[in-house]
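Here's the letter readout for the chains.
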Amino acid sequence: MTNSLPEIAKIWQQTLNWQPNDAQQARFQQLYELILEGNRQLNLTRITEPQEFWEKHLWDSLRGIAPQQKFISSLEAGASVIDIGTGAGFPGVPVAIVAPSSKVTLVDSTRKKITFIDKILSELSLNNATTVVARAEEIGQQQQHREKHDIALIRAVGNASVCAEYTLPLIKPGGLAVIYRGTWTEEETIALQNAVQQLGGEIESIEQFVTPLSNSIRHCLYLRKIATTPAKFPRVVGVPTQKPL
Ligand code: SAH
């Protein structure tokens, strides 16, 4: 069994117009090994093959912050990024690795997962990332997080309007929420519009792309915050999923 991640510089270059440097590549490999090890005790991910890990965890995480194949420019300038429902650290940990001047907050409601991520951050010496055990509905109402972040990321946490309610309250007006999806349809865009509007946002763009190894379809939704989110959002724990906007 080989446990080396592929080093596919050419694909990084073609798809994201970027390549990891040696230190970043080494951290990707370390992250992969730590997750394989952590998986023996915790149910972190079913994605363990090197190529699949590279594509579905590393590449996919970074594709989301590279609309039009360009990394969101504010990431370079010390942006505050929050990842809601980060699980084993996706997309937030790869983002922290590639954007060392950004400040990344990794949030999950499961303490075990956050304990695991704390270990990753310390072994990778990722000083630009911190963790919080909390539900999105709670930190969205906390003063130190509400409307304090430039970018909010969310992948595989719930339906799109739930993701919008979890993320938009956390970002500053002018900031961006990135919702990572598999499939997406025009009807879903229409349904999402009303929720996003109530939360003070607008759908800025939706990108469809194909993953570079297995040719799977993915979408990223980019929501721009254009107004302050009304105080009643996010609603109390459980309500966003029970009664999606
Ligand atoms: N984003 C990761 C993990 C997705 S699994 C990835 O794409 O690989 C969903 C994660 O969201 C779980 O770890 C779960 O604990 C967390 N979660 C679900 N609802 C949440 C909420 N309301 N607030 C914070 N975390 C939540």
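It should be noted that the structure appears before, not after, this text.
If you're wondering where the values come from, they're calculated on a predicted model, not measured in any experiment. (Residues numbered from 1 in each chain as written. Predicted model: local features only at pLDDT ≥ 70, side-chain atom pairs only at ≥ 80, totals over all residues. Heavy atoms only, no water.)

## Re the packing of aromatic side chains
Under the defined criterion, the tally for this structure stands at 7 aromatic pairs. Their ring planes at 90° and their centres at 5.2 Å tell us that Trp-12 and Trp-18 sit as a pair that is edge-to-face. For the pair Trp-12 and Trp-18, one class covers both residues: buried. On the numbers, 5.2 Å between centres and 85° between planes, the contact of Trp-18 with Phe-71 is edge-to-face. Taken as a pair, Trp-18 in the loop between helix H1 (9-16) and helix H2 (22-38) and Phe-71 in the loop between helix H3 (50-64) and strand S1 (80-84) lie far apart in primary sequence, 53 residues in all. (Phe/Tyr/Trp six-rings, centres within 6.5 Å; stacked < 30°, edge-to-face > 60°. Buried < 20%, exposed > 50% of the residue type's maximum accessible area, 1.4 Å probe, protein only. Helix = DSSP H or I, 4+ residues; strand = E, 2+ residues; numbered from the N terminus.)

## Examining the site of the ligand
Surrounding the ligand, one finds 16 residues, the nearest of these being Gly-85, Phe-90, Asp-108, Ala-136 and Arg-155. Within the backbone of Phe-90, an N or O atom sits 2.7 Å from a nitrogen atom of the ligand. One of the side-chain N or O atoms of Lys-113 is found 3.2 Å from an oxygen atom in the ligand. Expressed as a share of its isolated accessible area of 580 Å², the protein-covered part of the ligand is 82%. A breakdown of the residues in the shell around the ligand according to their chemical character gives 6 nonpolar, 5 polar and 5 charged. (Near = heavy atom within 4 Å. Polar contact = N/O pair within 3.5 Å; in protein donor to acceptor, adjacent residues only side chain to side chain. Areas by Shrake-Rupley, 256 points an atom, 1.4 Å probe, with all protein chains shown as cover. Nonpolar A, V, L, I, M, F, W, Y, C, P; charged D, E, K, R; others polar.)

## A word on the side chain of Ser-161
The residue Ser-161 is located in helix H7 (residues 160-167) in this model. Residue Ser-161 is classed as buried on the basis of its relative accessible area, which comes to 9%. If near-sequence neighbours (up to four positions away) are discounted, Ser-161 is found in contact with Leu-192, Ala-195, Pro-244 and Leu-245. (Contact = heavy atoms within 4.5 Å.)

The quantities given are spatial measurements derived from coordinates; they are silent on function.
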